[in-house]
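The primary structure of each chain is shown beneath.
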Amino acid sequence: MEDPHAPIARYLRERRETAGLTRTALGTLAGVSPALIQKIEQGTRSPTLEALTALCHALQVPDLIRDHLVSLSLSHRFDKPEPPVQAQVSATDQLLLDSFAYPASMQRFPTFDVLAVNDAWARQFPGLEPGTTLLEWMLLHPAARSVVLHWERQIHMSVYSFRVISPGVVPQARIDELIASCARAPEWQALWSTEPPPPYGIESPELVVRHVDTGEPFAMAMHNLDFTLPQRTWSLVVMVPKGTT
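1. A word on the overall build of the protein chain
The helix and strand inventory of the protein chain stands at 12 helices and five strands. Since a compact globule built from 245 residues should have a radius of gyration of about 18 Å, the 19 Å found for the protein chain is in line with a globular shape. With respect to the three principal axes, the spread of C-alpha positions in the protein chain is 60 × 40 × 30 Å. Counting all 245 residues of the protein chain, 44% fall into the buried class. Looking at the protein chain alone, contacts between residues at least 24 apart form 55% of all its contacts between residues at least 6 apart. With an accessible surface of roughly 13100 Å², the protein chain has 56% of that area assigned to carbon and sulfur atoms. Within the protein chain, one finds 20 positive and 26 negative side-chain charges whose respective centroids are separated by 6 Å.

Given below as structure tokens:
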């Protein structure tokens, strides 16, 4: 895995530059000295929890990404073994998926690997099946752009999440593999090198799609649920209709 402090430094620098702030201006907002900010961004000094929190607040970092950065900053303090990676979704978990009337899947984040789906998911998202990823489907499958409305914004947010959260969490070889696959799409470089404009919609995500039967657009609330007992290396993703839009 990448040194967990490197992605923190890279993200804070990119976020500051995107905001158009000098280190002095950011230091004034965050109450952190510009010299310390420079050392953090250069990777020669790890931020304290207090400094990291203050910088995230000043840079208006979304809560989900802030929590991820804090977790990375603390990772070296714990000698915690990585949980074993399950090779496949169990029959019991598939039963859970199949119990939902609405589209549901098991995915591994932040790479968006699709591990299992129910029938409603397979009908609504043709081709987004076990063995692929949401990123590859959105960018490379011909059905994606007709099924997903506001396609560019949705894929931009997904690419951004993958770019920010994967380093330090996902093996570099897997990151490189996904980048090589997704780079076949002509939009990839622009999506990968830029930050989507706010609002981000991370805290209450939704997806606007065309109904598989009627073709009418409607919004679906996205629920990303983790397993506590027993633990899983994947999450349950359920789409619940919000109504027409």
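We are not done yet, so read on.
2. Description of helix α4 (residues 49-58)
Restricting attention to buried positions, one finds in α4 the residues Ala51, Leu52, Leu55, Cys56 and Ala58. Projected onto a plane normal to the axis of α4, the buried residues spread over an arc of 165° and lie on a single side. Every exposed residue of α4 that faces more than 90 degrees away from the buried side is listed here: Glu50 and His57. Here the buried face of α4 lies against α1 (5-18), α2 (23-30), α3 (34-42) and α5 (63-74). Count one or two residues on from α4 and you reach glutamine 60, which has phi positive near 55°.

3. With respect to the side chain of histidine 68
Looking at the secondary structure, you find histidine 68 in helix α5. Here isoleucine 165 takes part through its backbone oxygen, which lies 3.3 Å from a polar atom of the side chain of histidine 68. The residues touching histidine 68, leaving out its near neighbours within four places in the chain, are Val164, Ile165 and Val169.

4. Things to note about the packing of aromatic side chains
On inspection of all chains with the given rule, the structure shows five aromatic pairs. A ring pair is formed by phenylalanine 109 and phenylalanine 112, whose centres lie 5.3 Å apart and whose planes are at 80°; its orientation type is edge-to-face. Overall, the relative accessible area of 30% leaves phenylalanine 109 in the partly exposed class. On the accessibility criterion, phenylalanine 112 (9% relative accessible area) is buried. Geometrically, the ring pair formed by phenylalanine 125 and tryptophan 137 is edge-to-face, given 6.0 Å between the ring centres and 90° between the ring planes. One end of the pair, phenylalanine 125, is in the loop between α7 (119-124) and α8 (134-140); the other, tryptophan 137, is in helix α8, with 12 residues separating them in the sequence. Each of the two residues, phenylalanine 125 as well as tryptophan 137, counts as buried. The cationic tip of arginine 145 hangs over the ring face of tryptophan 151; the distance from NZ or CZ to the ring centre is 4.0 Å.

5. Overview of the packing of α1 against α5
Packing of α1 against α5 leaves a shortest axis separation of 9 Å and a crossing angle of 145°. α5 is crossed by α1, and the crossing has left-handed handedness. On α5, the residues touching His5, Pro7, Ile8 and Tyr11 of α1 are Ile65, Leu69, Leu72 and Ser73. For the contact of α1 with α5, the per-class residue count stands at six nonpolar, two polar and no charged.

6. A word on the environment of phenylalanine 125
Owing to a relative accessible area of 2%, phenylalanine 125 belongs among the buried residues under this scheme. Separated by 15 residues in the primary sequence, phenylalanine 125 and leucine 140 have C-alpha atoms spaced 13 Å apart. Once residues within four sequence positions are removed from consideration, phenylalanine 125 is found in contact with Pro103, Trp137, Val147, Leu207, Val209 and Met239.

Cut-off values and rules
- Residues numbered from 1 in each chain as written.
- Predicted model: local features only at pLDDT ≥ 70, side-chain atom pairs only at ≥ 80, totals over all residues.
- Heavy atoms only, no water.
- Helix = DSSP H or I, 4+ residues; strand = E, 2+ residues; numbered from the N terminus.
- Rg over C-alpha atoms; globule rule 2.2 N^0.38 Å.
- Buried < 20%, exposed > 50% of the residue type's maximum accessible area, 1.4 Å probe, protein only.
- Contact = heavy atoms within 4.5 Å.
- Areas by Shrake-Rupley, 256 points an atom, 1.4 Å probe, with all protein chains shown as cover.
- Lys, Arg positive; Asp, Glu negative; His and termini not counted.
- Charge placed at Lys NZ, Arg CZ, Asp CG, Glu CD.
- Arc of directions from axis to C-beta.
- Polar contact = N/O pair within 3.5 Å; in protein donor to acceptor, adjacent residues only side chain to side chain.
- Phe/Tyr/Trp six-rings, centres within 6.5 Å; stacked < 30°, edge-to-face > 60°.
- Lys NZ or Arg CZ within 6 Å of the ring centre and 35° of its normal.
- Axes fitted to C-alpha atoms, helices over the stretch in contact; angles between N-to-C directions.
- Left-handed = near helix turned anticlockwise from the far one by under 90°.
- Nonpolar A, V, L, I, M, F, W, Y, C, P; charged D, E, K, R; others polar.

Shape is all these values report; function is a separate question.
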